[in-house]
Amino acid sequence: MGKIIFIEHDDTEHVTEFRAGSTLMQVAVDNAVPGIDGDCGGECACGTCHMIVADEWFGNTGTVGDAEEQMLSMTPERARTSRLGCQVEITEAMDGMTVHLPEFQM
């Protein structure tokens, strides 16, 4: 089991534990991280799990698919390292990863 650190827009940190194979969204929801709703249940259809991955970790998150790109294009707080948490499958290599949360979700 590893840890992922979610940082809210006001710098409040939430250190969570994960099991490989889950998604960033599921870890956030399971740990009641504020601001991550996951309204569509992980179907890449709502954008309510927008996260900004720390630069040094972004390469570990895989590639952005077409559906995710479309959802992210509508996100006002999109950053270069933005991802939808439902589209990022967690691996053991992500132990210690830092993820920032935008002030607002779609």
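A quick note: this is a predicted structure, and the numbers were derived from the prediction, not measured. (Residues numbered from 1 in each chain as written. Predicted model: local features only at pLDDT ≥ 70, side-chain atom pairs only at ≥ 80, totals over all residues. Heavy atoms only, no water.)

K.L.:
I'm lost on the environment of Thr75 in this one. Help?
P.N.:
Its location among the elements puts Thr75 in the loop between α3 (66-72) and β4 (82-84). Classification of Thr75 as buried rests on a relative accessible area of 8%. Between the alpha carbons of Thr75 and Pro102 there is a distance of 9.9 Å; along the sequence they are 27 residues apart. (Helix = DSSP H or I, 4+ residues; strand = E, 2+ residues; numbered from the N terminus. Buried < 20%, exposed > 50% of the residue type's maximum accessible area, 1.4 Å probe, protein only.)

K.L.:
Any chance you could explain the environment of Val29 here in plain terms?
P.N.:
Secondary-structure assignment places Val29 in helix α1 (residues 24-30). Taking C-alpha positions, Val29 is 9.3 Å from Cys49, a pair spaced 20 residues apart along the chain.

K.L.:
Where do I start with the pairing of strand β3 (residues 50-53) in this structure?
P.N.:
Along a regular strand, successive side chains alternate from one face of the sheet to the other. Alternating positions in β3 separate into two faces, His50 and Ile52 on one and Met51 and Val53 on the other, with burial throughout. Bridge count for β3 against β4 is three bridges, and the pairing is antiparallel. Counted as the bridge partner of His50 is Leu84 from β4. Across two bridges, the pairing between β3 and strand β5 (residues 97-100) is antiparallel. Across the sheet, the residue bridging to Val53 is Val99, located in β5. (Pairing = 2+ DSSP bridges.)

In short, the description is geometric, and any link to function would need to be established separately.
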